[in-house]
Number of protein chains: 2
Amino acid sequence: MGSFHILPGFRDFYPDDCALRNFIFDHFRRSAQACGFEEYDAPVLEPTELFAAKSGEEIVGQLFSFEDKGGRAVAMRPEMTPSLARMVGERANSMKRPIKWFNISESFRYERPQKGRLRSFYQFNADLFGDNSPEADCEIISLGILILKSFGLAKDDFHVRLSDRKLWALFLRCSGVDDSEIPCALSVIDKIEREVPATIVANLEKIKNVDGERMFGDILAIKNIRSLENLGKFFEKFCAMEREVEDRISEFSKLLARLNAFGLGNFITVDFGIVRGLAYYTGFVFEIFERSGQSRALAGGGRYDSLIKKLGYGDLAAVGFAIGDVTLGNLLKEKGFVPTFPKNIHCFVIYSEQTEAIAMEHIFALREKNINVDHCLRPTNFSKQLKAAAQSGAKYAIIFGDSEVQMECAKVKDMETSEEKIVKIQDFVKKL
Amino acid sequence: MGSFHILPGFRDFYPDDCALRNFIFDHFRRSAQACGFEEYDAPVLEPTELFAAKSGEEIVGQLFSFEDKGGRAVAMRPEMTPSLARMVGERANSMKRPIKWFNISESFRYERPQKGRLRSFYQFNADLFGDNSPEADCEIISLGILILKSFGLAKDDFHVRLSDRKLWALFLRCSGVDDSEIPCALSVIDKIEREVPATIVANLEKIKNVDGERMFGDILAIKNIRSLENLGKFFEKFCAMEREVEDRISEFSKLLARLNAFGLGNFITVDFGIVRGLAYYTGFVFEIFERSGQSRALAGGGRYDSLIKKLGYGDLAAVGFAIGDVTLGNLLKEKGFVPTFPKNIHCFVIYSEQTEAIAMEHIFALREKNINVDHCLRPTNFSKQLKAAAQSGAKYAIIFGDSEVQMECAKVKDMETSEEKIVKIQDFVKKL
């Protein structure tokens, strides 16, 4: 039946699916507004060069890109950050800082579809511009936690693995790595859980001045550190940049203190295993993971203070994060945190041929009052209409029977209790 | 400044623009739910053949279409109806009828950008399946009116121009046009206001058995008819298909009677000037126009009972309409029906270094209660923070002064009246 198919990795949203999606979106929006973030949006389609300039090759290889009818190289966005950077960059000077913005939108990547990864997915993005303090980082991280808590998820369900690329960079500098090679070294370290040790060692050897075996051991040691105290001890033994390390650990302490003041200490794990793949992160980075079960990543983000300038705009500090709908939706379903979504009909109006005209008048009037009203389109016998009312899930049936209407009344039936009462038509809106 | 540009015909939504867009979307959604419609959504990207099969050549020439990395011919949707038809067609047998669905989404057409016409635009779509009665048509038309009324637009601002392609088809049949040529003839008639008479006459002459000059005169006569009574008189003189014409005029009367019962007679103009360009309409068709001013079209739709079957699914009656965001948004701005959109901060929290920790605890707690809270990120002097509170548009400043906190209190300042009161911290949520 039917000759058309949906593209692989894309989704239809039938009413139940759409209700779940909107339920998730409503929580995103509500939490972001509670934290004083304002909503923005950008085009789905942008010049390809915008994505190439920001994201580098991995993402460009996954673009839905093409030439439009005007000969422009264009692509459907693989993520929101490049468009956001363009928008903020263009108007940063005229906006009060900090700039706190959020967005909920669809992104597109041509990847092999698999569980939790689709070619089209929604993301919530929140970003804070114009402040490079740990307090700004805390504003972003706490919003991530607030969103997940708003669904009913608790500290046993998820945690924030919090790390710092600046401390990683200090370690690399102490190990003799040139500044120019630090981004490359960080991308090797980022892959340490996904590649075999021999490959990692070989990749480290490619970096100038590096003893791969020895550095591999140091990296494993750092990755297992779970407190700033132990990190300090590691650096004490390891290198001479005491001042820089101390300053950075002090910033990290401030961030943790602020998160603690928010009451969120239980949600945080200091974990230098988090590096984040994208080259543009410049400071604290974090990922939110399921604590048990499949330990899936739910969200990720961090500080990226040089991106806006790199794209040709003014200097503008930035920190942000994104959370996707697919993995989160799966988790909420598994945990039983998804409610049922009834059709949300408040009144079902029932009428005869004789009372049709007056029923219609009131159907439209109720709808104008933002009351959700349905009916059978045409008068059939009352038992059929009552059955339809029950199936609709309506809270009330409003029955315009011939005798009631003669008295300028209607019968209001509570569909749950089956209680019926006759009310004056002019009064019944008040009684619903 | 900055080296990136948005594509022509696309829009950035800075927070004010996004607020207006969401304001419009909220009215769409609210009205649709009030009428018992359920929300759905479909992929932005579909196989090109879906659009080609449904919409014909004009739209295919305007597609953002390309070959994806898997060699598939794909296109960004130019309208929602083809995806909707696919979705409904696939599951029609398992769904209770009538099926009443709505959607709000972006569509894409490569046209010359101009005022009121962009390459990316949002549309609200509402469709009712599984019922081919005038009452179903009324449900759709009245939803269109309900939406526009919900913004404050009244009968002097807009009207529904209501027509019937079945009556047009009867006229053509009476004039000797073959059934197979009726769609082609209707598309000539549809262009009558946009092309010079000589072109219309020449195009009519191309149809078998047609005297172009004569038919042109008849068409002008029909287009000027504004009542069913006069339409009946026209047909009386004109042709022998009395029974079919009578039946159809009776259906039209039923539709008008139902619209009148809804209290919407004042919004309706019987107007055979409306034909609708798309070939798939099979019955009543309508367009909603500004009544004065530029007389722009705001919305349009009609019955399309053969489309689902044509696409390879089962027989399914259908009626629907769409309303775009661009022309409507322009009209609402001109009429002054767009409110201002404040940042919607409820509380702005002010604190010192000494009270920072307790302030943070309450900031997060308030946000968890869905109260919109902002703050200066760090303690500065109170007058600076109060200024920021005023700029944020907050309703209340909550001041954690040192002496108040010692008494487990905070000062709540009403930012409008400047009234201040000291409240127990544990009580202040209740007082906000």
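What you are looking at is a predicted structure, and each value in this text was computed from that prediction instead of being measured. (Residues numbered from 1 in each chain as written. Chains lettered and ligands numbered in written order. Predicted model: local features only at pLDDT ≥ 70, side-chain atom pairs only at ≥ 80, totals over all residues. Heavy atoms only, no water.)

Turning next to the sheet that holds strand β13 (residues 373–375) of chain A. Residue and element names in this part refer to chain A. Across the sheet, five strands lie side by side as β13-β12-β14-β15-β16; this open sheet has mixed pairing. Each having just a single partner strand, β13 and β16 (420–424) make up the two edges of the open sheet. The sheet shows a mean angle of 30° between the axes of neighbouring strands, direction not considered. Two strands pair when backbone bridges link them, and strand β12 (residues 347–351) and strand β14 (residues 396–400) are joined in this way by five bridges, in the parallel orientation. Directly across from Y351, in β14, lies its bridge partner F400. Against the sheet, helix α15 (residues 382–392) touches β12, β14 and β15 (409–414), its axis set at about 170° to β12. (Pairing = 2+ DSSP bridges. Helix = DSSP H or I, 4+ residues; strand = E, 2+ residues; numbered from the N terminus. Axes fitted to C-alpha atoms, helices over the stretch in contact; angles between N-to-C directions. Contact = heavy atoms within 4.5 Å.)

Between chain A and chain B, the residue contacts involve 99 residues of the former and 99 residues of the latter. Carbon and sulfur atoms supply 58% of the area that chain A and chain B bury against each other, a total of about 8,600 Å² over both sides. The largest share of the area that chain A buries against chain B comes from F4, Y14 and F364 of chain A, three residues that together contribute 10% of it. E368 of chain B is the salt-bridge partner of K149 of chain A, the closest N and O atoms lying 3.2 Å from each other. Along the lines of polarity and charge, the residues of the side of chain A that touches chain B split into 48 nonpolar, 19 polar and 32 charged. (Buried area = accessible area lost by both parts, 1.4 Å probe. Salt bridge = Lys/Arg side-chain N within 4 Å of Asp/Glu carboxyl O. Nonpolar A, V, L, I, M, F, W, Y, C, P; charged D, E, K, R; others polar.)

Attention now moves to helix α15 (residues 382–392) of chain B. Residues and elements named next belong to chain B. All of the buried residues along α15 are Q385, A388, A389 and S392. Take α15 and look down its axis: the buried residues cluster within an arc of 105°, on one side only. For α15, the exposed residues lying more than 90 degrees away from the buried face are S383 and K387. The inward-facing, buried residues of α15 abut β12 (347–351) and β14 (396–400). Positive phi shows up at G393, right after α15, with a value of about 80°. (Buried < 20%, exposed > 50% of the residue type's maximum accessible area, 1.4 Å probe, protein only. Arc of directions from axis to C-beta.)

This paragraph deals with the packing of helix α6 (residues 165–174) of chain A against helix α10 (residues 228–238) of chain A. Residues and elements named next belong to chain A. Look at α6 against α10: their axes get within 11 Å of each other, and the N-to-C directions meet at 15°. Classified by the interaxial angle, the pair formed by α6 and α10 is roughly parallel. Crossing angle aside, the handedness with which α6 passes α10 is left-handed. Contacts between α6 and α10 involve L167, L170, F171 and C174 on the former and, on the latter, L231, F234, F235 and F238. (Parallel < 35°, antiparallel > 145°, perpendicular 65-115°, else oblique. Left-handed = near helix turned anticlockwise from the far one by under 90°.)

A few words on the domain arrangement of chain A. A common measure of how large an interface is: the accessible area buried when the components associate. Taken domain by domain, chain A consists of domain 1 (15–335) and domain 2 (347–431). A straight line from the C-alpha centre of domain 1 of chain A to that of domain 2 of chain A covers 54 Å. (Domains from an automatic or database assignment.)

Here the focus is the side chain of D68 of chain B. With respect to the secondary-structure elements, D68 of chain B resides in the loop between β3 (64–67) and β4 (73–76). Here G70 of chain B takes part through its backbone nitrogen, which lies 2.7 Å from a polar atom of the side chain of D68 of chain B. With residues up to four places along the chain from it excluded, the contact list for D68 of chain B reads F64 and Y110 of chain A together with V74 of chain B. (Polar contact = N/O pair within 3.5 Å; in protein donor to acceptor, adjacent residues only side chain to side chain.)

You can overlay chain A on chain B at an RMSD of 0.1 Å; the transform is a turn of 180° with a shift of 0.0 Å along its axis. Interpreted geometrically, this transformation is the action of a two-fold axis. Measuring from the rotation axis to each C-alpha of chain A, the shortest distance belongs to F66 of chain A, at 3.1 Å. Mapped onto chain B, 100% of the interface residues of chain A are again interface residues, and the two copies thus contact each other with one and the same surface. (Least-squares fit on C-alpha atoms with pLDDT ≥ 70 in both.)

Look at any regular strand and the pattern is simple: side chains alternate between the two faces of the sheet. Judged by how many residues are buried, β14 of chain A sits mostly within the fold: five of five residues are covered. Of the two faces of β14 of chain A, both are covered, the one formed by Y396, I398 and F400 of chain A as well as the one formed by A397 and I399 of chain A.

Attention now goes to the packing of aromatic side chains. Applying the stated criterion to the full structure yields 49 aromatic pairs over all chains. On the numbers, 4.1 Å between centres and 0° between planes, the contact of F66 of chain A with F66 of chain B is stacked. Of the two residues, F66 of chain A sits in strand β3 (residues 64–67) while F66 of chain B sits in strand β3, which places them in two different chains. Assigned by exposure class, F66 of chain A and F66 of chain B land together as buried. Both rings, one in F234 of chain A and one in F235 of chain A, keep their centres 5.8 Å apart while their planes meet at 90°; by these two values the pair is edge-to-face. With relative accessibility at 12%, the residue F234 of chain A sits in the buried group. Put simply, the rings of F13, F25, F28, F102, Y122, F124, F286 and F321 of chain A touch in pairs and so form one group of aromatic residues. (Phe/Tyr/Trp six-rings, centres within 6.5 Å; stacked < 30°, edge-to-face > 60°.)

This part covers the nonpolar core. One finds F400 of chain A together with F124 and F321 of chain B to be the most contacted residues of the largest nonpolar core, which totals 105 residues. Ranked by residue count, the leading element in this core is helix α5 (residues 134–150) of chain B, at nine residues. The residues contacting F124 of chain B, other than those within four sequence positions of it, are F28, A32, F102, N103, I104, L143, I147, F321, A322 and I323 of chain B. One finds A126, V201, I219 and I222 of chain A within the second-largest nonpolar core, a separate group that totals 103 residues. (Core = buried A, V, L, I, M, F, W, Y, C linked by side-chain atoms within 4.5 Å.)

Time to look at the pattern of salt bridges. Pairing between side chains becomes possible if they bear opposite charge and their charged atoms approach one another. Per the stated rule, a full pass over the model turns up 66 salt bridges over all chains. With a closest N to O distance of 3.2 Å, D178 of chain B and K208 of chain B form a salt bridge. Of this pair, D178 of chain B sits in the loop between α6 (165–174) and α7 (182–190) while K208 of chain B sits in the loop between α8 (197–205) and α9 (212–223), placing them 30 residues apart in sequence. Taken together, the shared-partner salt bridges connect K100 and E139 of chain A together with K343, R367 and D374 of chain B into one network.

This next bit is on the sheet that holds strand β13 (residues 373–375) of chain B. Residue and element names in this part refer to chain B. In space, the five strands of this open sheet follow the order β13-β12-β14-β15-β16, with mixed pairing throughout. Whereas interior strands pair on both sides, the edge strands pair on one side only; in this sheet they are β13 and β16 (420–424). In this sheet, adjacent strand axes meet at a mean angle of 30° when their direction is disregarded. Bridging between β12 and β13 involves three bridges; their strand directions are parallel. In the strand pairing of β13, F348 is matched with D374.

Right, let's talk about a negative patch on the surface for a bit. Residue and element names in this part refer to chain A. Side chains of E236, E242, E244, E246 and D247 sit close together on the surface and give a patch of like negative charge. Among the elements that line the negative patch, the one with the most residues is helix α11 (residues 242–261), at four residues. Along the polypeptide, E244 turns up in helix α11. On the accessibility criterion, E244 (39% relative accessible area) is partly exposed. (Patch = residues over 30% accessible without salt bridge, like charges linked within 9 Å, V, L, I, M, F, W, Y side chains within 5 Å. Areas by Shrake-Rupley, 256 points an atom, 1.4 Å probe, with all protein chains shown as cover. Lys, Arg positive; Asp, Glu negative; His and termini not counted. Charge placed at Lys NZ, Arg CZ, Asp CG, Glu CD.)

Residue and element names in this part refer to chain B. In the sheet, strand β2 (residues 45–47) pairs with β4 via three bridges, with the strands oriented antiparallel. Each bridged residue has a counterpart across the sheet, and for E46 the counterpart in β4 is A75. Note that β3 and β4 share four bridges and pair antiparallel. Note on β4: the bridge partner recorded for F64 is M76. Counted along the chain from β3 to the antiparallel partner β4, the turn is five residues long, and its residue G71 has a positive phi close to 80°.

A few words now on unusual backbone geometry. In the segment running from R97 of chain A into P98 of chain A, the intervening peptide bond is cis, with an omega of -5°. When you line up the elements, P98 of chain A lands in the loop between α4 (81–91) and β5 (99–108). With a phi angle near 65°, S418 of chain A is a residue other than glycine that sits in the positive phi range. Mapping S418 of chain A onto the fold places it in the loop between β15 and β16. Since its relative accessible area comes to 44%, S418 of chain A is described here as partly exposed. Backbone geometry places N209 of chain B, a non-glycine residue, at a positive phi of 70°. Here N209 of chain B lies in the loop between α8 and α9.

Our next topic: the state of the cysteines. Here a disulfide denotes a covalent bond joining the sulfur atom of one cysteine to the sulfur atom of another. A full pass over the atoms with the stated rule returns zero disulfides over all chains. Among the cysteines around C184 of chain A, which has no disulfide bond, C174 of chain A carries the closest sulfur, lying 18 Å off. Cysteine C409 of chain B remains unbridged, with the sulfur of C347 of chain B as its closest cysteine sulfur at 16 Å. C409 of chain B sits in the buried class, given a relative accessible area of 8%. (Disulfide = S-S within 2.5 Å.)

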